[in-house]
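Chain residues, written in single-letter form:
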Amino acid sequence: MEIAETKCSSGYGKPPWIFKGSALYQLHLVKAETARAFIPQEFRLVEAFGYTLGGFFLANYEESPAGAFDELVVIAGIVWNPPTSCAWAARVLVSSNDACGHGRKEVGLPSHVAKFSKRIAAIPTQHMSKSNLFLKMIGLDTGHSRSKDRMDVQVTEITGSSATNMCHINLATLVPGLKYDKWVRAGPSIKLSLPSYSGRTKHNPNLLKYSCNIECRMRTVQPAKVSGPGPTSKHDTEESLGHHKCKSGDSTNGELLDDEQRLSISVMLSKPILALQFSCLTMQVEAPIAVPPCPRSSAGTSLVVS
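Residues numbered from 1 in each chain as written. Predicted model: local features only at pLDDT ≥ 70, side-chain atom pairs only at ≥ 80, totals over all residues. Heavy atoms only, no water.

J.: Give me the lowdown on the pattern of salt bridges, citing residues and values where you can.
T.: Once the charged atoms of two side chains with opposite charge are near each other, the side chains can pair. According to the stated counting rule, one finds 8 salt bridges in the structure shown. The partner of arginine 91 in a salt bridge is glutamate 260, and the shortest N-O contact between them spans 3.6 Å. Highlighted residues: arginine 91 in strand 5 (residues 84-94) and glutamate 260 in helix 6 (residues 259-268), separated in sequence by 169 residues. Residue glutamate 260 is classed as partly exposed on the basis of its relative accessible area, which comes to 47%. In this structure, aspartate 259 engages arginine 262 in a salt bridge whose closest nitrogen and oxygen atoms are separated by 3.2 Å. Here aspartate 259 and its partner arginine 262 are both found in helix 6, 3 residues apart, which amounts to about one turn of the helix. (Salt bridge = Lys/Arg side-chain N within 4 Å of Asp/Glu carboxyl O. Helix = DSSP H or I, 4+ residues; strand = E, 2+ residues; numbered from the N terminus. Buried < 20%, exposed > 50% of the residue type's maximum accessible area, 1.4 Å probe, protein only.)

J.: Can you break down the state of the cysteines residue by residue, with the values?
T.: According to the stated counting rule, one finds 0 disulfides in the structure shown. In this structure cysteine 216 is a free cysteine whose sulfur lies 8.6 Å from that of cysteine 280, the closest cysteine sulfur available. (Disulfide = S-S within 2.5 Å.)

J.: Let's hear about the side chain of aspartate 70: which residues, and what values?
T.: Within the secondary structure, aspartate 70 sits in strand 4 (residues 69-81). A distance of 2.8 Å separates a polar atom in the side chain of aspartate 70 from a polar atom in the side chain of asparagine 60. Within polar-contact distance, the side chain of aspartate 70 engages the side chain of lysine 118 at 2.6 Å. Ignoring sequence-local partners within four residues, the contact set of aspartate 70 consists of Ala59, Asn60, Leu93, Val94, Ser95, Phe116 and Lys118. (Polar contact = N/O pair within 3.5 Å; in protein donor to acceptor, adjacent residues only side chain to side chain. Contact = heavy atoms within 4.5 Å.)

J.: So what about a nonpolar patch on the surface? Which residues, and what values?
T.: Together, Leu29, Tyr51, Ile273 and Leu274 make up an exposed nonpolar region whose accessible area comes to about 300 Å². Position of isoleucine 273 relative to the elements: it lies in strand 12 (residues 271-285). Classification of isoleucine 273 by relative accessible area gives partly exposed; the value is 43%. (Patch = residues over 30% accessible without salt bridge, like charges linked within 9 Å, V, L, I, M, F, W, Y side chains within 5 Å. Areas by Shrake-Rupley, 256 points an atom, 1.4 Å probe, with all protein chains shown as cover.)

J.: Account for the pairing of strand 4, with residues named and values stated.
T.: Counting buried positions over the 13 residues of strand 4 gives 13, a clear majority of the element. Note: strand 3 (residues 51-63) against strand 4, 7 bridges, orientation antiparallel. Note that in strand 4 the partner of leucine 58 across the bridge is leucine 72. Counting the residues between successive antiparallel strands, the hairpin from strand 3 to strand 4 contains 5 residues, one of them, glycine 67, with a positive phi of roughly 85°. Bridge count between strand 4 and strand 5: 10 bridges; the pairing is antiparallel. Looking at strand 5, one finds that glutamate 71 is bridged to valine 94. As consecutive antiparallel partners, strand 4 and strand 5 are separated by 2 residues. (Pairing = 2+ DSSP bridges.)

In structure tokens, the structure reads:
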């Protein structure tokens, strides 16, 4: 199998590219039919009982080749990549024009510029049970602790003079970026690699594979609550957005969401199963490589995530 390294022509400089900050990585059960809308036909989606593993990666970078910026990566699901598997991004929203251009041209990501409006609010102190106290001591508490702050994030996609509200994220946990007074709040130090496929976009038609190598302190937290572009209601669910024509209007110009935006929101509104908070984050993104597609006939059916 011939693999060719892509050329770098952005202002990011030579890879690997280093990003430092904090992030929330939230895994969701995403309906397979929703995820397939984003996956190239030659790939086999890793699924079980009609669902795949998707979610989102919400990051605040204090240092990067593009300076400080925010990023929301909507992960459609997992595709088979023998002998393991790779994530596929449905949409990437960034608060930096440079990061958007780099993501599109060099990494083959479906990147778009967005505004991240943040508001920090106080929440009542909750009683800590003995079991939660033990989890806190080993750095694995689920957010039901003495956190007194939460962050509300409104993500608005910007296209020219138009602005489209995409989602609202309520982080009911320790606010990223605040200093922790004890090691147990930040969690243990870990290293991990997040392999991903990208490309097949109008900006980069190649099929690419790249890896994000992460060093950070990690702990499990209470999953963030996500709502859609309009007021939250009983219809503002994955079911209503995934299978019906979206009637939610943009709050700025009244335009309807397009299909990719609608399906991306459907991924965000799917059922969360695990949330991981990364603090003291250093992420090294390797240069993408162009790869030939894997034949569908060789795809496995087991859920294997690397």
